[in-house]
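# Remarks on the overall topology
Listed below, chain by chain, are the residues.
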Amino acid sequence: MKFTPEVIAALQTLRDNADNDFERHRLDVLERDLTAPPQVEVIDDTHQKFNGVIYTSKNNGHYEKYISIHRVVWFYYHGEIPEGNYHIHHIDHNKSNNDIFNLQLLTRKEHRRTHYYDGFPETYTCKNCGKKFVSTIRLGTIAFCSDDCKCFWRNNKQYRRICPVCGKEFRTGHSKQKCCSYICAVKARPPKEKICPTCGKKFSTQNRRQLYCSASCRSTMWQQKHPEKSCSAKMQCQNKS
C-alpha cells in the first residue's frame, strides 16, 4: 500500500514530535501494519474474512459475497483479471485455501484439464479388450483404454438375461432391462389396488394406466361425459329426421 504525500508528511510530523523512543517505535509498527497487505482470515467453517469483508461458503465450495473471495484476493495482489474465459485456480484443489500463493491464473481450457488430469497414475483393465493401461484421470469412471474400445463397446454391448415371467432367454443393450417384452414387464409389476370411478368397486391391476374395473364401466363413464355422442342420442336424431 502506497501512502499519499499528506500521510507521509503527517507520519513524519508525529515522529518529530515524539518524546521518546517508545513512541517512535509505535509509529514504526503502525506504518508497518498499514503497508502490510491483508491476509485471508478463517472465522469458522463457513466464513472467511479478507480486507474487512466477510465471505460465506456456498454450495459449490467457494466463499462468496457478490464476488468469490479467491477472485478478490487475486485482484488485490495482481490487478484486474483479463477479459475472456479466465479462471482463478486453487493449486492444491482446496477451495478453502484462498491464500495468494495457492492461486493461479489459467484459461478455462487449462483449468478444466488441470482438474481432469491432475491425478495419481493408477492401473485399470479395459472393459472391452481386457488390456491393462495406466491413467491419471481423476473424474468419472475409467473403463476403456481408448475411444475406439469405448465406441465399440457402446455399439455392440449385449446383456444376456432370462425373463423372470416367461423364462425366455433374451439379449438387450440396456443394463436395467429385466423382462423380454413390455407385456412381461407389465405382468412382473406388483398388483395395485384402485377404485373404479363409475361403480366404486375395488379392483387390483398391474397396468398403471387402467382406471376402470371393466370395459362396460369405461363405456358408461364415456357416455356420461359425452351424451351427445351416445347411441341413444343418434337414434333420436334419426327418428326426428
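So, a few notes on the structure that sits alongside this text.

Calculation criteria
Residues numbered from 1 in each chain as written. Predicted model: local features only at pLDDT ≥ 70, side-chain atom pairs only at ≥ 80, totals over all residues. Heavy atoms only, no water. Pairing = 2+ DSSP bridges. Helix = DSSP H or I, 4+ residues; strand = E, 2+ residues; numbered from the N terminus. Phe/Tyr/Trp six-rings, centres within 6.5 Å; stacked < 30°, edge-to-face > 60°. Buried < 20%, exposed > 50% of the residue type's maximum accessible area, 1.4 Å probe, protein only. Disulfide = S-S within 2.5 Å. Core = buried A, V, L, I, M, F, W, Y, C linked by side-chain atoms within 4.5 Å. Contact = heavy atoms within 4.5 Å.

## A few points about the sheet that holds strand 4 (residues 63-65)
If you trace the 5 strands from one edge of the open sheet to the other, you get 1-2-3-4-5, paired in antiparallel fashion. Looking along the sheet, the strands with just one partner apiece sit at the ends: strand 1 (41-44) and strand 5 (67-68). With 2 bridges connecting them, strand 3 (residues 53-57) and strand 4 associate as antiparallel partners. Each bridged residue has a counterpart across the sheet, and for T56 the counterpart in strand 4 is E64.

## Concerning the packing of aromatic side chains
Enumeration according to the criterion identifies 3 aromatic pairs in this entry. Ring geometry for F50 versus Y76: centroids 5.7 Å apart, planes at 90°, classification edge-to-face. Taken together, the residues span a long stretch of sequence, with F50 in strand 2 (residues 47-50) and Y76 in helix 3 (residues 69-78) at a distance of 26 residues. On the basis of relative accessibility, which here comes to 2%, the residue F50 falls in the buried class. Counting every residue linked through ring pairs, the aromatic cluster contains F50, Y76 and Y77.

## A word on the state of the cysteines
Per the stated rule, a full pass over the model turns up 0 disulfides. No disulfide involves C129; its sulfur sits 3.5 Å from that of C126, the nearest cysteine. The thiol sulfur of C149 is not disulfide-bonded, and the nearest other cysteine sulfur, from C145, lies at 3.7 Å.

## A few points about the nonpolar core
Counting residues in each nonpolar core, the largest one holds 10 residues, listed as F50, Y55, Y63, I69, V73, W74, I81, I88, I100 and L103. With 3 residues, helix 3 is the single largest residue contributor to this core. Residues contacting I81, with those up to four places away along its chain left out, are R71, W74, Y86, I88 and L105. Counting 6 residues, the second-largest nonpolar core is a separate cluster that includes C126, I142, A143 and F144.

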